[in-house]
Amino acid sequence: MIHELADVQTQNIGKNTSIWQFCVILNKAVIGSNCNICSNVFIENDVIIGNNVTIKNGVQIWDGITIEDDVFIGPNATFTNDFAPRSKQHPVEFSKTIIKKGASIGANSTLLCGLVVEEYSMIGAGSVVTKDIGKQELWFGNPAKHTGYICKCGKKCDASLICNECKERLR
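All values reported here derive from a predicted model rather than from experimental measurement.

1. Remarks on the overall build of the protein chain
When helices and strands are counted, the protein chain shows zero helices and 20 strands. Against the globule reference of 16 Å for 171 residues, the protein chain gives a C-alpha radius of gyration of 16 Å, in line with a compact fold. Based on the C-alpha atoms only, the size of the protein chain along its principal axes is roughly 50 × 40 × 20 Å. Burial status across the protein chain gives 39% buried among its 171 residues. Sequence-distant contacts, at least 24 apart, represent 15% of the contacts inside the protein chain between residues at least 6 apart. About 8900 Å² of surface is accessible on the protein chain, with carbon and sulfur atoms providing 50% of the total. For the protein chain, the distance from the average position of its 17 positive side-chain charges to the average position of its 17 negative side-chain charges is 5 Å.

2. Let's talk about the sheet that holds strand 13 (residues 97-99)
Ordered by their spatial adjacency, five strands build an open sheet running 4-7-10-13-16, and the pairing between neighbours is parallel. The open sheet has two edge strands with one neighbour each: strand 4 (30-31) and strand 16 (116-117).

3. A short note on the layout of surface pockets
A volume near 180 Å³ is recorded for the largest pocket. In terms of lining residues, the largest pocket is bounded by Thr80, Asn81, Asp82, Pro85, Arg86, Ser87, Lys88, Gln89, His90 and Phe94. Class assignment of the residues belonging to the lining of the largest pocket gives a composition of two nonpolar, five polar and three charged.

4. Section: the sheet that holds strand 5 (residues 36-37)
An order of 2-5-8-11-14-17-19-20 is seen for the eight strands of this open sheet, with the pairing classed as mixed. Since the sheet does not close on itself, it has two edges, and those belong to strand 2 (18-19) and strand 20 (144-149), each with one partner. Relative to strand 20, strand 19 (residues 137-141) is paired through five bridges, and the arrangement is antiparallel. Considered in strand 20, the bridge of Trp139 is made with His146.

Criteria and cut-off values
Residues numbered from 1 in each chain as written. Predicted model: local features only at pLDDT ≥ 70, side-chain atom pairs only at ≥ 80, totals over all residues. Heavy atoms only, no water. Helix = DSSP H or I, 4+ residues; strand = E, 2+ residues; numbered from the N terminus. Rg over C-alpha atoms; globule rule 2.2 N^0.38 Å. Buried < 20%, exposed > 50% of the residue type's maximum accessible area, 1.4 Å probe, protein only. Contact = heavy atoms within 4.5 Å. Areas by Shrake-Rupley, 256 points an atom, 1.4 Å probe, with all protein chains shown as cover. Lys, Arg positive; Asp, Glu negative; His and termini not counted. Charge placed at Lys NZ, Arg CZ, Asp CG, Glu CD. Pairing = 2+ DSSP bridges. 1 Å grid on protein atoms, 1.4 Å probe; cavity = no way out; pocket = protein on both sides within 12 Å on 5 of 7 lines; lining within 4 Å. Points joined across faces, edges and corners; volume = space filled by probe spheres on them. Nonpolar A, V, L, I, M, F, W, Y, C, P; charged D, E, K, R; others polar.

So, in structure tokens, the structure goes:
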């Protein structure tokens, strides 16, 4: 489903993906199946988005960003792709940022470019991320700091790295 008020230039969209009003998606972007791209999202050309991804309202996905399967991007999360931006001056290649499978990025978070956010990690709302984030790590703050571990089910693990909800042990 592509809303009639969206400007979608790419043909590279998987089945059962919804794209809502006022989105702009450039022609070389690749978007997987069963995604939900909410209103007012902008997606540039050199972008790959996996399957089952949710991108909430007001997010811009710039050249050089890869988002793997099952990722959640909260409203107004901000990505960057150039460490030293100048008007009308573009790098030969933009920095690469990878958001790995199952990661969640909270609302209004800012991620500096060139980072890797590993599998099933979680970034709290309003965080400013300046470093790579490890697998199943929980980070928040400005600047974001590692504050614990998160289970694949989305609940914080206790000190013994066991989830109180599903009882899975973090590996």
